[in-house]
Amino acid sequence: MPRLPDIALTALAPAIWGCSYLAITLSLPPDHALGIAALRALPAGLLLLLFVRRLPRAEWVIKLVILGALNFTVFWSLLNIAAYRLPGGIAATVGAIQPLFVIALARLALSDRIRSRQVIAGLMGLTGVALLVLTSQARIDAVGVLAGLGGAAAMAAGSVLTRRWQFPVSPLTLTAWQLTAGGVLLVPLALLAEGGLPPINALTLGGLAWLALPGAALTYWVWFRGLALIGPARATLLGFLSPMTAACLGWAVLGQSLSATQIGGMLVVLASLWLSQTSPPPGTRVSSAETEL
(Lines give C-alpha, C1' and ligand atoms only; values in the text may rest on other atoms or scores of the structure.)
Protein backbone atom coordinates (compact mmCIF):
# COMPACT_ATOMS: atom_id res chain seq x y z
CA MET A 1 0.00 0.00 0.00
CA PRO A 2 1.42 3.44 -0.91
CA ARG A 3 2.30 5.69 1.98
CA LEU A 4 -0.28 8.29 2.99
CA PRO A 5 2.22 11.20 2.56
CA ASP A 6 2.85 10.13 -1.07
CA ILE A 7 -0.89 10.01 -1.77
CA ALA A 8 -1.43 13.39 -0.07
CA LEU A 9 1.40 15.06 -2.01
CA THR A 10 0.11 13.66 -5.30
CA ALA A 11 -3.36 14.96 -4.44
CA LEU A 12 -1.90 18.47 -4.23
CA ALA A 13 -1.58 18.57 -8.03
CA PRO A 14 -5.29 18.18 -8.94
CA ALA A 15 -6.24 20.43 -6.04
CA ILE A 16 -4.14 23.24 -7.57
CA TRP A 17 -5.43 22.40 -11.06
CA GLY A 18 -8.91 23.11 -9.70
CA CYS A 19 -8.05 26.79 -10.08
CA SER A 20 -7.13 26.49 -13.77
CA TYR A 21 -10.64 26.95 -15.22
CA LEU A 22 -11.05 30.15 -13.22
CA ALA A 23 -7.65 31.50 -14.27
CA ILE A 24 -8.24 30.67 -17.94
CA THR A 25 -11.71 32.15 -18.21
CA LEU A 26 -11.14 35.26 -16.07
CA SER A 27 -7.67 36.42 -17.06
CA LEU A 28 -6.81 35.01 -20.50
CA PRO A 29 -8.12 35.88 -24.00
CA PRO A 30 -10.50 33.25 -25.47
CA ASP A 31 -9.01 33.17 -28.98
CA HIS A 32 -5.45 32.07 -28.15
CA ALA A 33 -5.80 28.56 -26.69
CA LEU A 34 -2.54 27.33 -28.26
CA GLY A 35 -0.60 30.50 -27.45
CA ILE A 36 -1.67 30.41 -23.83
CA ALA A 37 -0.64 26.76 -23.56
CA ALA A 38 2.76 27.63 -25.09
CA LEU A 39 3.32 30.52 -22.68
CA ARG A 40 2.39 28.23 -19.83
CA ALA A 41 4.64 25.30 -20.76
CA LEU A 42 7.80 26.75 -22.27
CA PRO A 43 8.74 29.34 -19.59
CA ALA A 44 8.07 26.82 -16.83
CA GLY A 45 10.15 24.18 -18.61
CA LEU A 46 13.08 26.51 -19.28
CA LEU A 47 13.03 27.76 -15.69
CA LEU A 48 13.20 24.20 -14.40
CA LEU A 49 15.97 23.38 -16.89
CA LEU A 50 18.05 26.23 -15.47
CA PHE A 51 17.49 24.77 -12.04
CA VAL A 52 18.24 21.10 -12.75
CA ARG A 53 21.04 21.86 -15.28
CA ARG A 54 20.73 18.53 -17.07
CA LEU A 55 19.85 17.66 -20.67
CA PRO A 56 18.43 14.30 -21.79
CA ARG A 57 20.47 11.69 -23.63
CA ALA A 58 19.98 11.56 -27.39
CA GLU A 59 18.24 8.17 -27.22
CA TRP A 60 15.60 9.59 -24.86
CA VAL A 61 14.59 12.56 -27.01
CA ILE A 62 11.91 10.86 -29.13
CA LYS A 63 10.15 9.42 -26.08
CA LEU A 64 10.31 12.78 -24.32
CA VAL A 65 8.83 14.54 -27.35
CA ILE A 66 5.95 12.03 -27.36
CA LEU A 67 5.37 12.53 -23.63
CA GLY A 68 5.60 16.32 -23.92
CA ALA A 69 3.13 16.26 -26.80
CA LEU A 70 0.61 14.09 -24.94
CA ASN A 71 0.88 15.64 -21.48
CA PHE A 72 1.16 19.26 -22.58
CA THR A 73 0.86 20.09 -26.29
CA VAL A 74 -2.30 18.10 -26.96
CA PHE A 75 -3.78 18.03 -23.47
CA TRP A 76 -3.49 21.74 -22.66
CA SER A 77 -4.60 22.83 -26.12
CA LEU A 78 -7.74 20.71 -25.94
CA LEU A 79 -8.31 21.65 -22.30
CA ASN A 80 -8.33 25.33 -23.23
CA ILE A 81 -10.71 24.71 -26.13
CA ALA A 82 -13.07 22.77 -23.85
CA ALA A 83 -12.87 25.47 -21.16
CA TYR A 84 -13.82 28.19 -23.66
CA ARG A 85 -16.55 26.28 -25.52
CA LEU A 86 -18.24 24.57 -22.58
CA PRO A 87 -19.56 25.71 -19.21
CA GLY A 88 -17.13 24.73 -16.46
CA GLY A 89 -19.46 21.99 -15.24
CA ILE A 90 -19.65 20.23 -18.59
CA ALA A 91 -15.91 20.58 -19.16
CA ALA A 92 -15.12 19.16 -15.72
CA THR A 93 -17.51 16.24 -16.16
CA VAL A 94 -16.12 15.31 -19.58
CA GLY A 95 -12.58 15.48 -18.21
CA ALA A 96 -13.56 13.28 -15.27
CA ILE A 97 -13.64 10.24 -17.57
CA GLN A 98 -9.83 10.29 -17.65
CA PRO A 99 -9.33 7.76 -14.79
CA LEU A 100 -11.31 5.16 -16.74
CA PHE A 101 -9.07 5.76 -19.77
CA VAL A 102 -6.00 5.31 -17.55
CA ILE A 103 -7.28 2.05 -16.07
CA ALA A 104 -7.83 0.61 -19.57
CA LEU A 105 -4.50 1.87 -20.95
CA ALA A 106 -2.56 0.65 -17.91
CA ARG A 107 -3.92 -2.81 -18.60
CA LEU A 108 -2.67 -2.66 -22.20
CA ALA A 109 0.68 -0.93 -21.67
CA LEU A 110 1.69 -1.98 -18.17
CA SER A 111 -0.23 -5.29 -17.77
CA ASP A 112 -1.83 -3.86 -14.64
CA ARG A 113 -4.89 -5.70 -13.42
CA ILE A 114 -8.21 -3.98 -13.88
CA ARG A 115 -9.62 -4.04 -10.38
CA SER A 116 -13.31 -3.75 -9.74
CA ARG A 117 -12.74 -1.31 -6.88
CA GLN A 118 -10.87 1.10 -9.17
CA VAL A 119 -13.54 0.89 -11.88
CA ILE A 120 -16.30 1.45 -9.31
CA ALA A 121 -14.33 4.34 -7.82
CA GLY A 122 -13.95 5.86 -11.30
CA LEU A 123 -17.67 5.60 -12.02
CA MET A 124 -18.52 6.96 -8.58
CA GLY A 125 -16.18 9.90 -9.06
CA LEU A 126 -17.63 10.66 -12.48
CA THR A 127 -21.15 10.60 -10.98
CA GLY A 128 -20.08 12.79 -8.08
CA VAL A 129 -18.49 15.36 -10.41
CA ALA A 130 -21.66 15.45 -12.51
CA LEU A 131 -23.79 16.07 -9.42
CA LEU A 132 -21.34 18.71 -8.25
CA VAL A 133 -20.97 20.82 -11.36
CA LEU A 134 -23.77 20.19 -13.84
CA THR A 135 -26.75 22.55 -13.94
CA SER A 136 -30.01 22.51 -15.85
CA GLN A 137 -28.78 25.52 -17.86
CA ALA A 138 -25.63 23.74 -19.04
CA ARG A 139 -25.34 23.82 -22.82
CA ILE A 140 -23.72 21.09 -24.88
CA ASP A 141 -21.21 22.03 -27.58
CA ALA A 142 -20.06 19.08 -29.70
CA VAL A 143 -16.61 20.53 -30.44
CA GLY A 144 -16.08 21.32 -26.77
CA VAL A 145 -17.10 17.80 -25.71
CA LEU A 146 -14.79 16.20 -28.29
CA ALA A 147 -11.95 18.47 -27.15
CA GLY A 148 -12.56 17.47 -23.54
CA LEU A 149 -12.58 13.76 -24.38
CA GLY A 150 -9.49 14.12 -26.54
CA GLY A 151 -7.65 15.99 -23.81
CA ALA A 152 -8.56 13.36 -21.22
CA ALA A 153 -7.37 10.57 -23.54
CA ALA A 154 -4.09 12.39 -24.27
CA MET A 155 -3.18 12.91 -20.63
CA ALA A 156 -4.25 9.36 -19.79
CA ALA A 157 -1.86 8.04 -22.45
CA GLY A 158 0.87 10.41 -21.28
CA SER A 159 0.47 9.32 -17.65
CA VAL A 160 0.66 5.62 -18.52
CA LEU A 161 3.65 6.04 -20.86
CA THR A 162 5.46 8.18 -18.27
CA ARG A 163 5.21 5.18 -15.93
CA ARG A 164 6.18 2.71 -18.69
CA TRP A 165 9.20 4.71 -19.90
CA GLN A 166 10.83 5.22 -16.53
CA PHE A 167 13.86 7.47 -16.94
CA PRO A 168 16.69 7.23 -14.37
CA VAL A 169 16.30 10.87 -13.34
CA SER A 170 14.44 12.78 -10.66
CA PRO A 171 10.76 13.72 -11.17
CA LEU A 172 11.83 17.39 -11.26
CA THR A 173 14.22 16.76 -14.16
CA LEU A 174 11.57 14.76 -16.00
CA THR A 175 9.11 17.62 -15.49
CA ALA A 176 11.61 20.12 -16.93
CA TRP A 177 12.20 17.99 -20.02
CA GLN A 178 8.52 17.30 -20.73
CA LEU A 179 7.40 20.90 -20.19
CA THR A 180 10.14 22.17 -22.49
CA ALA A 181 9.32 19.63 -25.19
CA GLY A 182 5.62 20.41 -24.98
CA GLY A 183 6.26 24.15 -25.09
CA VAL A 184 8.61 23.93 -28.08
CA LEU A 185 5.92 22.01 -30.00
CA LEU A 186 3.23 24.51 -29.03
CA VAL A 187 4.98 27.68 -30.23
CA PRO A 188 4.90 26.94 -34.00
CA LEU A 189 1.36 25.57 -33.70
CA ALA A 190 0.24 28.81 -32.07
CA LEU A 191 1.96 30.92 -34.71
CA LEU A 192 0.42 28.94 -37.58
CA ALA A 193 -3.09 28.42 -36.21
CA GLU A 194 -3.61 31.70 -34.33
CA GLY A 195 -1.30 34.10 -36.12
CA GLY A 196 0.85 34.73 -33.06
CA LEU A 197 0.95 34.63 -29.29
CA PRO A 198 -1.71 36.41 -27.20
CA PRO A 199 -1.21 40.06 -26.24
CA ILE A 200 0.26 40.44 -22.77
CA ASN A 201 -1.14 42.83 -20.18
CA ALA A 202 -1.06 42.83 -16.40
CA LEU A 203 -4.11 40.57 -16.08
CA THR A 204 -2.87 38.09 -18.68
CA LEU A 205 0.59 38.05 -17.12
CA GLY A 206 -0.87 37.27 -13.71
CA GLY A 207 -2.96 34.42 -15.12
CA LEU A 208 0.00 32.97 -17.00
CA ALA A 209 2.26 33.25 -13.95
CA TRP A 210 -0.24 31.22 -11.92
CA LEU A 211 -0.70 28.60 -14.65
CA ALA A 212 3.05 28.27 -15.34
CA LEU A 213 4.54 28.20 -11.83
CA PRO A 214 2.27 26.53 -9.27
CA GLY A 215 -0.06 25.28 -12.03
CA ALA A 216 2.66 23.57 -14.09
CA ALA A 217 6.20 23.52 -12.65
CA LEU A 218 5.11 22.56 -9.13
CA THR A 219 2.11 20.39 -9.89
CA TYR A 220 3.70 18.31 -12.63
CA TRP A 221 6.75 17.61 -10.49
CA VAL A 222 4.32 16.34 -7.84
CA TRP A 223 2.31 14.47 -10.47
CA PHE A 224 5.21 12.64 -12.13
CA ARG A 225 6.53 11.73 -8.70
CA GLY A 226 3.11 10.28 -7.85
CA LEU A 227 2.92 8.30 -11.09
CA ALA A 228 6.19 6.60 -10.16
CA LEU A 229 5.31 5.94 -6.51
CA ILE A 230 1.59 5.14 -6.42
CA GLY A 231 0.86 4.20 -10.05
CA PRO A 232 -1.14 5.84 -12.86
CA ALA A 233 -4.58 4.46 -11.98
CA ARG A 234 -4.41 5.39 -8.30
CA ALA A 235 -2.89 8.81 -9.06
CA THR A 236 -5.38 9.71 -11.79
CA LEU A 237 -8.36 8.85 -9.59
CA LEU A 238 -7.18 11.69 -7.34
CA GLY A 239 -8.03 14.00 -10.26
CA PHE A 240 -11.61 14.16 -8.99
CA LEU A 241 -10.28 16.64 -6.44
CA SER A 242 -9.91 19.22 -9.22
CA PRO A 243 -13.61 20.04 -9.83
CA MET A 244 -14.35 19.66 -6.13
CA THR A 245 -11.66 22.23 -5.30
CA ALA A 246 -13.06 24.58 -7.95
CA ALA A 247 -16.54 24.33 -6.44
CA CYS A 248 -15.25 24.94 -2.91
CA LEU A 249 -13.30 28.00 -4.08
CA GLY A 250 -16.41 29.35 -5.78
CA TRP A 251 -18.30 29.01 -2.52
CA ALA A 252 -15.53 30.38 -0.27
CA VAL A 253 -14.13 33.15 -2.48
CA LEU A 254 -16.87 34.15 -4.91
CA GLY A 255 -19.85 33.62 -2.65
CA GLN A 256 -21.44 30.98 -4.88
CA SER A 257 -24.06 28.81 -3.26
CA LEU A 258 -23.84 25.04 -2.85
CA SER A 259 -27.06 23.07 -3.22
CA ALA A 260 -27.88 19.83 -1.44
CA THR A 261 -27.22 18.00 -4.74
CA GLN A 262 -23.76 19.55 -5.02
CA ILE A 263 -22.91 18.67 -1.43
CA GLY A 264 -24.08 15.13 -2.15
CA GLY A 265 -21.79 15.10 -5.19
CA MET A 266 -18.84 16.10 -2.99
CA LEU A 267 -19.60 13.23 -0.63
CA VAL A 268 -19.73 10.79 -3.56
CA VAL A 269 -16.36 12.12 -4.79
CA LEU A 270 -14.83 11.71 -1.34
CA ALA A 271 -16.19 8.15 -1.13
CA SER A 272 -14.67 7.35 -4.53
CA LEU A 273 -11.30 8.73 -3.39
CA TRP A 274 -11.37 6.59 -0.26
CA LEU A 275 -12.29 3.50 -2.30
CA SER A 276 -9.57 4.11 -4.89
CA GLN A 277 -6.78 4.80 -2.41
CA THR A 278 -7.53 1.83 -0.14
CA SER A 279 -7.51 -0.76 -2.93
CA PRO A 280 -4.52 -3.15 -3.12
CA PRO A 281 -1.68 -2.00 -5.38
CA PRO A 282 -1.04 -3.73 -8.73
CA GLY A 283 0.71 -7.08 -8.35
CA THR A 284 -0.98 -8.14 -5.12
CA ARG A 285 -3.13 -11.26 -4.97
CA VAL A 286 -6.79 -10.71 -5.81
CA SER A 287 -9.09 -11.86 -3.02
CA SER A 288 -12.83 -12.47 -3.00
CA ALA A 289 -13.29 -8.88 -1.81
CA GLU A 290 -11.23 -7.42 -4.68
CA THR A 291 -12.30 -8.79 -8.04
CA GLU A 292 -10.18 -8.63 -11.16
CA LEU A 293 -12.15 -7.76 -14.27
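Keep in mind that what you see is a predicted model, and the values were worked out from it rather than measured.

All right, on to helix H9 (residues 171–194) then. In this model, H9 (24 residues) spans 33 Å end to end at C-alpha, consistent with the 34 Å of a helix rising 1.5 Å per residue. The first or second residue beyond H9 is glycine 195, which carries a positive phi of 75 degrees.

Moving on: the pattern of salt bridges. Per the stated rule, a full pass over the model turns up two salt bridges. Salt-bridge contacts for aspartate 6 lead to arginine 225; the nearest nitrogen and oxygen are separated by 2.9 Å. Placement of the pair is aspartate 6 in helix H1 (residues 4–17) and arginine 225 in helix H10 (residues 202–230), with a sequence separation of 219 residues.

Moving on: the confidence of the model for the protein chain. Chain-level statistics for the protein chain give a pLDDT mean of 86 and a share of 90% at 70 or above. Across residues 282–290, confidence stays below pLDDT 50; counting only partners more than four residues off in sequence or on other chains, it has 15 contacts.

Quick look at the nonpolar core now. Grouped together as the largest cluster of nonpolar side chains are 57 residues, with contacts concentrated most on Trp76, Phe167, Leu179, Tyr220 and Trp223. Of all the elements, H10 adds the most residues to this core, at nine residues. If near-sequence neighbours (up to four positions away) are discounted, tryptophan 223 is found in contact with Thr10, Ala13, Pro14, Trp17, Met155, Ser159, Ala235 and Thr236.

Glancing now at the packing of helix H4 (residues 61–85) against H10. Running from N to C, H4 and H10 cross one another at 120 degrees; their axes reach a closest spacing of 14 Å. Our classification of the angle between H4 and H10 gives oblique. The way H4 lies across H10 gives a crossing that is right-handed. Touching Asn71, Phe72, Phe75 and Trp76 of H4 are Ala216, Tyr220 and Phe224, all from H10. Looking at side-chain class alone, the contact of H4 with H10 contains six nonpolar, one polar and no charged residues.

Definitions and cut-offs
- Residues numbered from 1 in each chain as written.
- Predicted model: local features only at pLDDT ≥ 70, side-chain atom pairs only at ≥ 80, totals over all residues.
- Heavy atoms only, no water.
- Helix = DSSP H or I, 4+ residues; strand = E, 2+ residues; numbered from the N terminus.
- Expected span 1.5 Å × (residues − 1).
- Salt bridge = Lys/Arg side-chain N within 4 Å of Asp/Glu carboxyl O.
- pLDDT = per-residue confidence, 0-100.
- Contact = heavy atoms within 4.5 Å.
- Core = buried A, V, L, I, M, F, W, Y, C linked by side-chain atoms within 4.5 Å.
- Buried < 20%, exposed > 50% of the residue type's maximum accessible area, 1.4 Å probe, protein only.
- Axes fitted to C-alpha atoms, helices over the stretch in contact; angles between N-to-C directions.
- Parallel < 35°, antiparallel > 145°, perpendicular 65-115°, else oblique.
- Left-handed = near helix turned anticlockwise from the far one by under 90°.
- Nonpolar A, V, L, I, M, F, W, Y, C, P; charged D, E, K, R; others polar.

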